[in-house]
Every structure is written in C-alpha cells, then in structure tokens.
Amino acid sequence: MIIQKTSASRIDTFDKDNFSFGTTFTDHMVVCEYEDGKWGDVRVMPYGPFPFTPAMMGVNYGQACFEGMKAYKDKDGDVFLFRPEKNFERINKSAKRLAMPEVTEEMFLKGLETLMDIDREWIPQGDGFSLYIRPLIFATEEALKARKSEKYMFAIIATPAKAYYTAPVSVLISDFYSRAANGGVGSAKAAGNYAGAFYPTDLANEQGYEQIIWTDDATHSYFEESGTMNVFVRVGDTIYTPPTSERILDGVTRDSFIQLAKKRGIEVVVDKVPVDFVINAHKEGTLKEIWGVGTAVVTSQFEAIGYHGEKLMLPVLSEEESYAASLKNELVGIQSNLLEDPFGWRVLVGEGVAEKA
Ligand code: COI
C-alpha cells in the first residue's frame, strides 16, 4: 500500500456543529486502478478530483456500484467499524453482477482501516455522530463501445455524519413504478438503481409523499423496499419483512434489526408481505408501525401510507412502544460502543480489520 499524506489538512475548517452530510470529505481517500486485467497498487492519497472525459464508460453505461458503511468513535477515542466484512462481500457480489472485477481484501478492508486511522480526527465523537464511508467501483475506460469496460477505479471516500432528528414521513405504495425486476440488478448496489428511483420519487413528492414503498414489478401486490432502504412492518407484536432476493438488497442494517429483534424474543416473519395484508391490518387496527432501515439514517419511521388515492394514518407510538425506535437505539448503542456487543459486530480499527473479518 502506498501512503501519501496531505501536507494541507482541512481538519481546522471542519465544524462539528455545522456541516452538511455528504458534501464535506475527509483529508484522504483510498484509490486503486484496474488495467490490463489486474488491480494496481492500493494508494491512500489526499482527497481530490480526477480528470475524466465524457467518454468514460462508467457515465455512459452506468457500470458502477457502491457501498455504504459507517465508523464510530467512542468516548475514549477508539474507532470502530460495523460488520465491514458484509460490505466487502456485497461489493464483490455487485461487481460480479455488473461484470466488473472483484476487489481484494487489501484494497477494501486494509484500505478502509488505513483510511480510518489516517483520518481518525475527522470522525466526530459524541451522541449520534459517525463517519459515513463510501467505497465504490466505476468503469473508467474512454470508449463508447457498449461492452464491459477494460479499466476501472476503486475508491473509498468518507464524509462526517450526524443523526438528525427525522420526523416520521409519508410514503406512497407504488402501483406502477418498480425499483427492480426479476433477473435484474435489484440485489446489487448498482448506481443506476438509485438513478431509476429519482423520477418516481419526484412524482410521489408532488403528491405529498416523501418516499415510495416499492412493490414487486410483476403484480405490485407485495412490499419490497422503501426509498433507498429495506422495509419492516409491525402488525400486532410481530415484525414482517420480505426475504432478500434478486430484487431486494441484502441490507446490513436489515440483517442486524432481524437479529436484534429475535434476541429480544420478538417474532420476526421473513416472508412475502402482501399489500392487502397491510391494508387489512390497518382497517382492523392491528397495523402498528412501518419503517425503513439503511446504513445512512439507520431508521426512517412512517406516519402515513398512500394507496390507491387514500392516505392511511399510522398510530403514533412513544419511543418505548415503538420497535423501530427502540431497536434503532440498541443498534446505534452497539455500533458506537455504548452497549455490549453480543454478536461480535464491532471491529476496532488498529486491531487488523482484515484479519478479524
Ligand atoms: C443507505 O442507507 O446507506 C443508503 O443506501 C442510502 C444512501 C444512498 C445515502
């Protein structure tokens, strides 16, 4: 690994009390380029732009995928990653599906650990703070031939994050647009999956809904995901969530929520979630909560669902009553080393992330 540290750190310009997520980047990044059938040296270098032309294949054909993960700093200044091996596995699944070369442990896990170590000052300490990490792979060959690229770039960049209080949102159950289709790329974290969601989300926004609950493309009668997140439904005291599939992303937060809920003794049914089942539960008064889970916001709670022109309000639950809120608190407590970690999910930066994974 080649390490080139910046001579002009920007850390003094970073105001922990006043920054915006996703637009402030740490001093360094990990970069590795693929050419002639192999990855080159892994470099940790100052964060900054690269020259690319509009003929770059990644922007013409969307051969690009990414990951989302977080690092946390506890009160003693120790830095932890959360289940990083899951993101390593998933980026390679995405790469395979998009006909891109898989990345190595040295690039991903060692690169990640080195970056976290070098930029540890950028990880804000305290309740709700974290560093959001974005590993990505994209095609860089300058060619307009519609085939897989012969050149790629792998990079890891990072942006400080804060837990903003997010008020419960209204979501529209899709009866036309789809996020993914059978045999498609829904289970990959493909950049284009997000691009394809923007227009239907704009239309939902015009109708007064913040997000969409994506349904299956064939019949639009089963829940799949919500916004950029996996979706959970609580009817009575049972949690329902659809199984991962070729259309549904295998979310790390999703898996962690399922394990935490089961450990508490909550019944979790991982099976198809019919829209009718949810609508009927609302009619019968047994629908208690619907929420989305993802790395970035951890949990997004819903206050209303829109379906066939009707807006159905969900009950207002206290923090203690809400599974979404209490499971989120437990998860963030484990992630940030405030609570015991019975699952062994936390990995201390500096102790060999690759070896532990
Ligand atoms: C996440 O929750 O990590 C996501 O995938 C959202 C991201 C696109 C900001």
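Note that the structure is a prediction, hence the values are computed from the model and not measured. (Residues numbered from 1 in each chain as written. Predicted model: local features only at pLDDT ≥ 70, side-chain atom pairs only at ≥ 80, totals over all residues. Heavy atoms only, no water.)

Draft legend 1. View of the UniProt feature "modified residue: N6-(pyridoxal phosphate)lysine" (unreviewed entry) in the protein. With numbering matched to this structure, UniProt assigns "modified residue: N6-(pyridoxal phosphate)lysine" (unreviewed entry) to Lys189. Locating Lys189 in the fold gives a position in the loop between strand E10 (169-173) and helix H4 (191-206). The exposure class assigned to Lys189 is buried, which follows from its relative accessible area of 10%. With residues up to four places along the chain from it excluded, the contact list for Lys189 reads Ala64, Cys65, Phe66, Glu67, Gly68, Arg90, Ser94, Tyr194 and Leu249. (UniProt positions renumbered as here; feature names shortened; annotations may be inferred. Helix = DSSP H or I, 4+ residues; strand = E, 2+ residues; numbered from the N terminus. Buried < 20%, exposed > 50% of the residue type's maximum accessible area, 1.4 Å probe, protein only. Contact = heavy atoms within 4.5 Å.)

Draft legend 2. Broad picture of the domain arrangement of the protein. Under the domain assignment used here, the protein contains domain 1 (2-163 + 345-355) and domain 2 (169-316). The C-alpha-based centres of domain 1 and domain 2 are spaced at 28 Å. The interface of domain 1 with domain 2 comprises 18 residues on the first partner and 19 residues on the second. Buried surface at the junction of domain 1 and domain 2, summed over both partners, amounts to about 1,500 Å²; 61% is from carbon and sulfur atoms. For the pair domain 1 and domain 2, the number of links is one salt bridge. Note that Arg83 is salt-bridged to Asp255, the shortest N-O span being 2.8 Å. Here domain 1 is connected to domain 2 by ten residue pairs in polar contact (both at pLDDT 80 or more). Sorting elements by how many residues they give to the side of domain 1 that touches domain 2 places helix H2 (residues 84-97) first, with six residues. Residue classes in the side of domain 1 that touches domain 2 are distributed as eight nonpolar, three polar and seven charged. (Domains from an automatic or database assignment. Buried area = accessible area lost by both parts, 1.4 Å probe. Salt bridge = Lys/Arg side-chain N within 4 Å of Asp/Glu carboxyl O. Polar contact = N/O pair within 3.5 Å; in protein donor to acceptor, adjacent residues only side chain to side chain. Nonpolar A, V, L, I, M, F, W, Y, C, P; charged D, E, K, R; others polar.)

Draft legend 3. Focus on the state of the cysteines. In the structure shown here, the tally under the stated rule is zero disulfides. Of all cysteine sulfurs in the structure, the one in Cys65 sits closest to Cys32, which takes part in no disulfide; the separation is 14 Å. (Disulfide = S-S within 2.5 Å.)

Draft legend 4. Structural context of the nonpolar core. Core analysis: the biggest nonpolar cluster contains 40 residues, and Trp39, Val103, Phe108, Met116, Ile133, Ile137 and Phe154 have the highest contact counts within it. Among the secondary structure elements, those contributing two or more residues to this core are strand E2 (28-35), strand E6 (69-73), strand E7 (79-82), H2, helix H3 (105-118), strand E8 (129-139), strand E9 (152-162) and helix H8 (353-356). With six residues, the single largest contributor to this core is H3. Filtering out sequence-adjacent residues up to four positions away, Ile133 remains in contact with Glu67, Gly68, Met69, Lys70, Ala71, Leu81, Leu112, Met116, Ile156, Ile157 and Ala158. (Core = buried A, V, L, I, M, F, W, Y, C linked by side-chain atoms within 4.5 Å.)

Draft legend 5. How the structure looks around the packing of H2 against H3. Put simply, H2 and H3 touch, their axes get as near as 11 Å, and they point 150° apart. If you check the angle between H2 and H3, you find them roughly antiparallel. For H2 against H3, the interelement crossing comes out right-handed. Where H2 approaches H3, its residues Pro84, Glu85, Asn87, Phe88 and Ile91 are matched on the opposing element by Glu105, Phe108, Leu109 and Leu112. Here the contact of H2 with H3 is composed, by residue class, of six nonpolar, one polar and two charged. (Axes fitted to C-alpha atoms, helices over the stretch in contact; angles between N-to-C directions. Parallel < 35°, antiparallel > 145°, perpendicular 65-115°, else oblique. Left-handed = near helix turned anticlockwise from the far one by under 90°.)

Draft legend 6. Representation of the side chain of Thr238. Within the secondary structure layout, Thr238 lies in strand E14 (residues 238-241). In contact with Thr238, other than residues within four places in its own chain, are Val233, Glu267 and Val269.

Draft legend 7. Main features of the site of the ligand. The ligand sits among Tyr132, Arg134, Lys189, Tyr194, Thr228, Gly294, Thr295 and Ala296. Contacts to the ligand include Lys189, whose side-chain N or O atom sits 2.7 Å from an oxygen atom. For the ligand, an oxygen atom lies 3.0 Å from a polar atom in the backbone of Ala296. Here the ligand, which alone exposes 290 Å², has 82% of that area covered by the protein. Its residues assigned to classes, the shell around the ligand comprises three nonpolar, three polar and two charged. (Near = heavy atom within 4 Å. Areas by Shrake-Rupley, 256 points an atom, 1.4 Å probe, with all protein chains shown as cover.)

Draft legend 8. Summary view of the packing of aromatic side chains. Per the stated rule, a full pass over the model turns up 19 aromatic pairs. For the pair Phe14 and Trp122, a centre-to-centre distance of 5.4 Å together with 35° between the ring planes defines the contact as tilted. Taken as a pair, Phe14 in the loop between strand E1 (2-3) and E2 and Trp122 in the loop between H3 and E8 lie far apart in primary sequence, 108 residues in all. With relative accessibility at 2%, the residue Trp122 sits in the buried group. An aromatic cluster of at least three residues, connected via ring pairs, comprises Phe14, Phe19 and Trp122. Above the face of the Tyr323 ring, Arg234 is positioned so that its terminal group lies 3.6 Å from the ring centre. The ring of Tyr209 carries the charged tip of Lys311 above its face, separated from the ring centre by 5.2 Å. (Phe/Tyr/Trp six-rings, centres within 6.5 Å; stacked < 30°, edge-to-face > 60°. Lys NZ or Arg CZ within 6 Å of the ring centre and 35° of its normal.)

Draft legend 9. Layout of a nonpolar patch on the surface. Where nonpolar side chains cluster on the molecular surface, the patch consists of Phe176, Tyr177 and Tyr199 and spans about 350 Å² of accessible area. With respect to the helices, strands and loops of the structure, Phe176 is situated in the loop between E10 and H4. The exposure class assigned to Phe176 is exposed, which follows from its relative accessible area of 58%. (Patch = residues over 30% accessible without salt bridge, like charges linked within 9 Å, V, L, I, M, F, W, Y side chains within 5 Å.)

Draft legend 10. Main features of the pairing of strand E13 (residues 229-235). With seven of its seven residues buried, E13 lies for the most part within the structure. As judged from the two bridges shared by strand E12 (residues 223-226) and E13, these two strands associate in the antiparallel manner. Pairing of Ser226 across the sheet is with Met229, part of E13. Here E13 pairs with strand E16 (residues 287-294) via six bridges, running antiparallel. Bridged to Asn230 within E16 is Val293. Here E13 runs beside E14; their pairing, made up of three bridges, is antiparallel. For Val233, the partnering residue across the bridge sits in E14 and is Tyr240. Counting the residues that bridge the hairpin from E13 to E14 gives two residues, and of these Gly236 lies at a positive phi of roughly 60°. (Pairing = 2+ DSSP bridges.)

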